[in-house]
Protein chains: 2
Amino acid sequence: MNEHQQIIGFDWSALGKNIFFSYNPVSGIYNDHSFYNATVEEVDLAAKKSARAFQQYRKKSGVEKAAFLEAIADEILKAGDHLVEICCNETGLPKGRIEGERGRTIGQLKLFAELLKDGSWVDARIDTAMPDRKPAPKPDIRFMNIAIGPVVVFGASNFPLAFSVAGGDTVSALAAGCPVIVKAHAAHPATSAIIGNAIQIAAKNMNMPDGVFSLLFDDGIQIGIELVKHPLIKAVGFTGSFKAGKALNDVALSRPEPIPVYAEMSSTNPVFILPKMMKEHGAAIAAGYSASLTLGVGQFCTNPGLLFYRKTDDVFKALLKNEFEKTNGGTMLTSNILKSYETGLNDLVATAGVDQLATGKNSDENNYATPALMTTDVSTFNQHVHLAEEIFGPVSLAVRVNSRQEMLDIANKLSGHLTATVYGGEDELIEYKNLLEILEQKVGRVIINNFPTGVEVCSAMVHGGPYPATTNDRTTSVGTAAIFRFTRPVCFQNMPQALLPPELQDENPLSISRLFNGKRAI
Amino acid sequence: MNEHQQIIGFDWSALGKNIFFSYNPVSGIYNDHSFYNATVEEVDLAAKKSARAFQQYRKKSGVEKAAFLEAIADEILKAGDHLVEICCNETGLPKGRIEGERGRTIGQLKLFAELLKDGSWVDARIDTAMPDRKPAPKPDIRFMNIAIGPVVVFGASNFPLAFSVAGGDTVSALAAGCPVIVKAHAAHPATSAIIGNAIQIAAKNMNMPDGVFSLLFDDGIQIGIELVKHPLIKAVGFTGSFKAGKALNDVALSRPEPIPVYAEMSSTNPVFILPKMMKEHGAAIAAGYSASLTLGVGQFCTNPGLLFYRKTDDVFKALLKNEFEKTNGGTMLTSNILKSYETGLNDLVATAGVDQLATGKNSDENNYATPALMTTDVSTFNQHVHLAEEIFGPVSLAVRVNSRQEMLDIANKLSGHLTATVYGGEDELIEYKNLLEILEQKVGRVIINNFPTGVEVCSAMVHGGPYPATTNDRTTSVGTAAIFRFTRPVCFQNMPQALLPPELQDENPLSISRLFNGKRAI
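Residues numbered from 1 in each chain as written. Chains lettered and ligands numbered in written order. Predicted model: local features only at pLDDT ≥ 70, side-chain atom pairs only at ≥ 80, totals over all residues. Heavy atoms only, no water.

J.: Explain the overall build of chain A here, please?
T.: In terms of helices and strands, chain A carries 15 helices and 24 strands. A compact globule built from 522 residues should have a C-alpha radius of gyration of about 24 Å, and chain A, at 25 Å, falls within 12% of that. The principal-axis extents of the C-alpha atoms in chain A amount to approximately 70 × 70 × 40 Å. Per-residue burial over chain A gives 62% buried out of 522 residues. A separation threshold of at least 6 residues defines the contact pool for chain A, and within that pool the share at least 24 residues apart is 76%. Within the structure as shown, chain A displays about 18,500 Å² of accessible surface, and the carbon and sulfur contribution to it stands at 53%. Taken as two groups, the 48 positive and 55 negative side-chain charges of chain A have centres that lie 6 Å from each other. (Helix = DSSP H or I, 4+ residues; strand = E, 2+ residues; numbered from the N terminus. Rg over C-alpha atoms; globule rule 2.2 N^0.38 Å. Buried < 20%, exposed > 50% of the residue type's maximum accessible area, 1.4 Å probe, protein only. Contact = heavy atoms within 4.5 Å. Areas by Shrake-Rupley, 256 points an atom, 1.4 Å probe, with all protein chains shown as cover. Lys, Arg positive; Asp, Glu negative; His and termini not counted. Charge placed at Lys NZ, Arg CZ, Asp CG, Glu CD.)

Structure follows, in structure tokens:
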């Protein structure tokens, strides 16, 4: 039996009495890794250490923080095949997927390292003094974004590497200059421990302060709530269900000092197929759609759960059915996720006017979800609110639409989502420009002729969107702009050069791009 | 009698039965301007018109929006001395102050017009495709900030022009591309009507959509709450008391779709005088401080309500007393504000260990507030939470500090404020670097050797700060960065050039600064 303790900065801790085990959803048996549930005292220890570390970490240069992120990447790679095996074992996800996700995690660390080495991300703004201005002299004002303090990150079950211990939230917070306390997801605790150890080693090797990173285990909800309530915590990153995200946000807002919870929650990622495109490329779209919605057993935030197509050609329906029947299901991450999936699916099946068009391949494997493609018409869709809500897993509802206007009406009624996709040729897209203009107001990412399940980690990505897709649509949780969730602007008035951060000194020693008297310099 | 109705887009409306009057706080009598209290139906009419207008207004170019803002500035100037007279009459503020504030309001409109003409503010980011990348092709992703929808702005009593109908919140929302509904402050309704008419005329003349601007009157709280609750409203700008700001924020967060309230609320703007500076320039600092804290009868968000100085030299105390006794009070904006001021002052006076050091000049004018300078020691200050809280008006508490460490301890315990000021020579500031590093974590603006009451409207200004100074410290309500309160990022994946906004097209037709594959271009 491998016994795992809390990581609190450079220390380990096991003050609790209760333990839980890593579980293999494929075999249905527990693994030989045990984890102490963290205690409230350990939450306090981690938060205090984090706050102390913040005072040193916030002053680290971009180059130093970049080296830290790169060292984390190196340490993760050093964990080698062992990490992949453990992760596959805990999640039921295939090796290729986990290797790919590891690549993305490493790439994400390196992308933020590049951002930090460049340094311009702080959005430095300098307005110089005019001492002779009338009626009052103009002071010298200099603006930049600074780190806000210790951040709590909740590991997400569906991305055990890329959105977990060293995932997008952690990396963007560390890049901003904020220490991180991760609440490990109980569905992949051994994976979390490996990554947590890698970060701890990287922090020590790169002379980061004790407390820049901590990792707490708990298979219940109490430790997460205590973390969000702790007065030294300044922000929270979360990816998961609407219910859990909303609950954490409510906790954070009811604190004496409310803090932001950046929760990425619920999205059905509607897809609209325009009629000409459907006629010309129906087979390819049907195949692509079936693949996208069953990828990773449908366990993606950007899984396309709704499809709208013009009922001008029933050929497409037949193509969809044909392609979908070829799809595979798979073992879901946890038995609870499977249970929710089956409940949601049963609700769909039980709705009058909703028909089952096709199912994917079945299996008697443990914890196995069978893909399902449902279909309905617009009037049924409009009658039932739950038809537009997310069911996490490999299911989608294809809605037949009678006219262009019906498509626009449906788009107008959509709530907030992470993505919206439109399939159409350029001429047809121009004809449906109104649809695109509606959709850009509903989502964080508008996608043309691609399925939404690929989320590129880059400067221009927006992985976010209006409520209830997230609790804050002014941000993204993927890509370099994610750093601004963990910063705030501050300005300095008439501060002597020697006391200004390098980003704001006249000489621009870091050679960063700045706004100088309202104009871009460099 | 001049009877004023609601402005709802290009229409007027008077569905209500109840009226209220403009009031002169100096004379203590009502003016001959009457105002219908808006009704819930009018809130709905304004919100719906605003949402319709949004679909056109959001597509206006930067140049078109800039021309609209400039036209508003011109129309305000056309109102001439009449505006100044009415405003002085309603607020009790002197002519020079109102003329200065009009200048600031005009300057603010023109600054945002320049921002829009330049166009780079949208933070365009382009990551180009790599179709041959392995294992998966890289799509083309393009990011920019877009307007979020209709915004409600609450006029502030203490800036009847610069933070009211055409004030900072309105201008930044209009610049972002959001229609605005202003809830006029009942302490300057006739001023609000003049500015509202100016905006309406400018909107018509510049071919803006009907509904880009509305103005509702109410001398109670119901209409404000109904506006914040209306489902078509997407954000709120507010400047005022902690109590009112928090109440509106709670309303906004309890909506089915929560929206952000950008409330600038409560700040005592601590000032720290370092010992050497105090010794060498005590007289000038005492004079400057007395002037700053009594300016505009102390009715500024950035009024310095707390002063910390090293008790090494009682000469400074005598200088403070001497300078403060020369100060004038004045007529406060409303009798309620005076009442709160007097209550707060009485609480201070009644606190054991707090002494009255000096008062400013008294007068039997109507609604007159007499300045008061109180003094106490650190242990008394630490014992009573209310001593650190804002009292809106010309009062300050000077706290004698025994050591450098006590100064640091006090700084560490501060809650969030808009500003913190330190007076010190460069060598002494370097010696107190720790103090500066604490303060930058507590406020939006750190000021050296200046008093905080001047707030420069520029690119680099941060008028904001951690809770309870504001409800959102990631933003500013003054300066061009204020625009981001009313925008959110969206990205387009593989969107054809012809359908991209000009900001994101390859050719860069607007010649804006963009992040191109992670590097600044232009």
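J.: How do you make sense of the relation of the copies chain A and chain B when you look at a structure like this?
T.: What relates the pair of chain copies is a rotation about an axis plus a shift along that axis. Its rotation angle being 180°, the transformation that places chain A on chain B also includes 0.0 Å of axial translation and leaves an RMSD of 0.0 Å. The transformation just described matches what one would write down for a two-fold rotation axis. Rotation axis and chain A: the residue whose C-alpha lies nearest the axis is A:Ile522, separated from it by 4.1 Å. (Least-squares fit on C-alpha atoms with pLDDT ≥ 70 in both.)

J.: What am I meant to see in the side chain of B:Asn31 here?
T.: Residue and element names in this part refer to chain B. Along the chain, Asn 31 falls in strand β5 (residues 29–36). Since its relative accessible area comes to 13%, Asn 31 is described here as buried. A distance of 2.9 Å separates polar atoms of two side chains, one belonging to Asn 31 and the other to Asn 89. Setting aside its immediate chain neighbours within four residues, Asn 31 contacts Phe 21, Ser 22, Tyr 23, Asn 24, Asn 89 and Glu 90. (Polar contact = N/O pair within 3.5 Å; in protein donor to acceptor, adjacent residues only side chain to side chain.)

J.: Where do I start with the sheet that holds strand β18 (residues 372–377) of chain A in this structure?
T.: An order of β16(A)-β18(A)-β19(A)-β14(A)-β13(A)-β20(A)-β21(A)-β22(B)-β7(B)-β6(B)-β23(B)-β24(B) is seen for the 12 strands of this open sheet, with the pairing classed as mixed. Looking at the sheet topology across the chains shown, the edges are occupied by β16 (355–359) of chain A together with β24 (519–521) of chain B. If you compare each strand with its neighbour and ignore which way they point, the axes differ by 25° on average. Sheet topology places strand β7 (residues 141–147) of chain B next to strand β22 (residues 487–493) of chain B; 7 bridges connect them, and they run antiparallel. Along β22(B), the bridge assignment pairs B:Phe143 with B:Cys491. (Pairing = 2+ DSSP bridges. Axes fitted to C-alpha atoms, helices over the stretch in contact; angles between N-to-C directions.)

J.: What's the story with the packing of aromatic side chains in this structure? I'm lost.
T.: A ring pair, where both rings are aromatic, is described by two values, the distance of the centres and the angle of the planes. Enumeration over the complete set of coordinates arrives at 30 aromatic pairs over all chains. With a centroid separation of 5.0 Å and an interplanar angle of 65°, the aromatic rings of A:Tyr23 and A:Tyr30 are classed as edge-to-face. On the accessibility criterion, A:Tyr30 (58% relative accessible area) is exposed. Between B:Phe159 and B:Phe300, the aromatic rings sit 5.5 Å apart at their centres with planes inclined by 50°, giving tilted as the arrangement. Here B:Phe300 lies in the loop between α9 (275–294) and β14 (306–310) and B:Phe159 lies in the loop between β8 (151–154) and α5 (168–176), a separation of 141 residues in the sequence. According to the relative accessible area criterion, B:Phe159 is buried, its value standing at 13%. Among the aromatic side chains, those forming a connected cluster through ring pairs are A:Phe20, A:Phe35 and A:Phe217. For A:Arg104, the ring lying beneath its charged end belongs to A:Phe159, and the centroid distance is 5.2 Å. Just above the ring of B:Phe143 sits the side chain of B:Arg125; from NZ or CZ to the centre is 4.9 Å. (Phe/Tyr/Trp six-rings, centres within 6.5 Å; stacked < 30°, edge-to-face > 60°. Lys NZ or Arg CZ within 6 Å of the ring centre and 35° of its normal.)

J.: What's the story with helix α11 (residues 335–349) of chain A in this structure? I'm lost.
T.: For α11(A), which comprises 15 residues, the first-to-last C-alpha distance of 21 Å matches the rise-based estimate of 21 Å (1.5 Å per residue) to within 8%. Contact partners of the buried residues in α11(A): β17 (368–369), β18 and β19 (395–401) of chain A. (Expected span 1.5 Å × (residues − 1).)

J.: Explain the environment of B:Gln356 here, please?
T.: All names here are of chain B. Mapped onto the fold, Gln 356 is located in strand β16 (residues 355–359). Between the alpha carbons of Gln 356 and Gly 424 there is a distance of 26 Å; along the sequence they are 68 residues apart. In this structure, Gln 356 is in contact with Val 349, Leu 373 and Met 374, ignoring residues within four places of it in sequence.

J.: Looking at this structure, I do not really get unusual backbone geometry. What am I missing?
T.: Residue A:Tyr467 is joined to A:Pro468 through a cis peptide bond whose omega torsion reads 5°. Within the secondary structure, A:Pro468 is located in the loop between β21 (445–448) and β22 (487–493). Unlike most non-glycine residues, A:Ser511 shows phi in positive territory, near 50°. The backbone of B:Asn517 shows a phi angle near 50°, a positive value even though the residue is not glycine. As for its placement among the helices and strands, B:Asn517 is situated in the loop between β23 (514–516) and β24.

J.: Explain the pairing of strand β12 (residues 261–264) of chain A to me, please; I cannot follow it from the model alone.
T.: Note on strand geometry: in a regular strand, side chains alternate between the two faces of the sheet. Residues and elements named next belong to chain A. Taking every second residue as pointing to the same face, both faces of β12 are buried, with Val 261 and Ala 263 on one and Tyr 262 and Glu 264 on the other. Alignment of strand β11 (residues 235–239) against β12, held across 4 bridges, turns out to be parallel. Considered in β12, the bridge of Gly 237 is made with Tyr 262. Since β11 and β12 lie parallel, the crossover through helix α8 (residues 242–253) that links them has a hand, and here it is right-handed. (Right-handed = clockwise from strand over helix to strand, strands pointing away.)

J.: When you look at the interface of chain A and chain B in this model, what are you seeing that I'm missing?
T.: By a frequent convention, interface size equals the accessible area lost on bringing the separate parts together. If you look at the interface, chain A gives 73 residues, while chain B gives 73 residues. Counting the contacts that link chain A with chain B gives 11 salt bridges. Between A:Glu437 and B:Lys59 there is a salt bridge, with the nearest N and O atoms lying 3.7 Å from each other. Within the residue set of the side of chain A that touches chain B, elements represented by two or more residues are α1 (40–57), β6 (125–127), β7 (141–147), α14 (426–431), α15 (433–439), β21, β22 and β24 (519–521) of chain A. For the side of chain A that touches chain B, the class distribution of residues is 38 nonpolar, 12 polar and 23 charged. (Salt bridge = Lys/Arg side-chain N within 4 Å of Asp/Glu carboxyl O. Nonpolar A, V, L, I, M, F, W, Y, C, P; charged D, E, K, R; others polar.)

J.: Sorry if this is basic, but what is going on with the environment of A:Arg102 here?
T.: Residue and element names in this part refer to chain A. By the element assignment, Arg 102 lies in helix α4 (residues 95–118). Separated by 60 residues in the primary sequence, Arg 102 and Ala 162 place their C-alpha atoms 6.9 Å from one another. Separated by 3.3 Å, the side chain of Arg 102 and the backbone oxygen of Gly 80 make a polar contact.

J.: Explain the environment of B:Val122 to me, please; I cannot follow it from the model alone.
T.: Residues and elements named next belong to chain B. Examined against the element boundaries, Val 122 turns out to sit in the loop between α4 (95–118) and β6 (125–127). Judged by its relative accessible area of 2%, Val 122 falls in the buried class. Counting along the chain gives 300 residues from Val 122 to Val 422, while the straight-line C-alpha distance between them is 35 Å. Aside from chain neighbours lying at most four places away, what touches Val 122 is Met 144, Asn 145, Glu 503 and Ile 512.

J.: Help me understand the sheet that holds β5(B), please; the structure alone is not making it clear to me.
T.: All names here are of chain B. Taken together, 3 strands build an open sheet; the order of strands is β1-β5-β4 and the sheet is mixed. Both edges of this open sheet fall to β1 (2–4) and β4 (19–24), since each of them pairs with a single strand only. For this sheet, the mean angle separating the axes of adjacent strands, direction not counted, is 35°. For β1 and β5, the ladder comprises 3 bridges, and the chain directions are parallel. Bridge assignment links Glu 3 to a residue of β5, and that residue is Ser 34. Strands in contact with helix α3 (residues 80–91) are β4 and β5; relative to β4, the strand with the most contacts, it is inclined by about 90°. Against the sheet, helix α6 (residues 189–205) touches β1, β4 and β5, its axis set at about 50° to β5.

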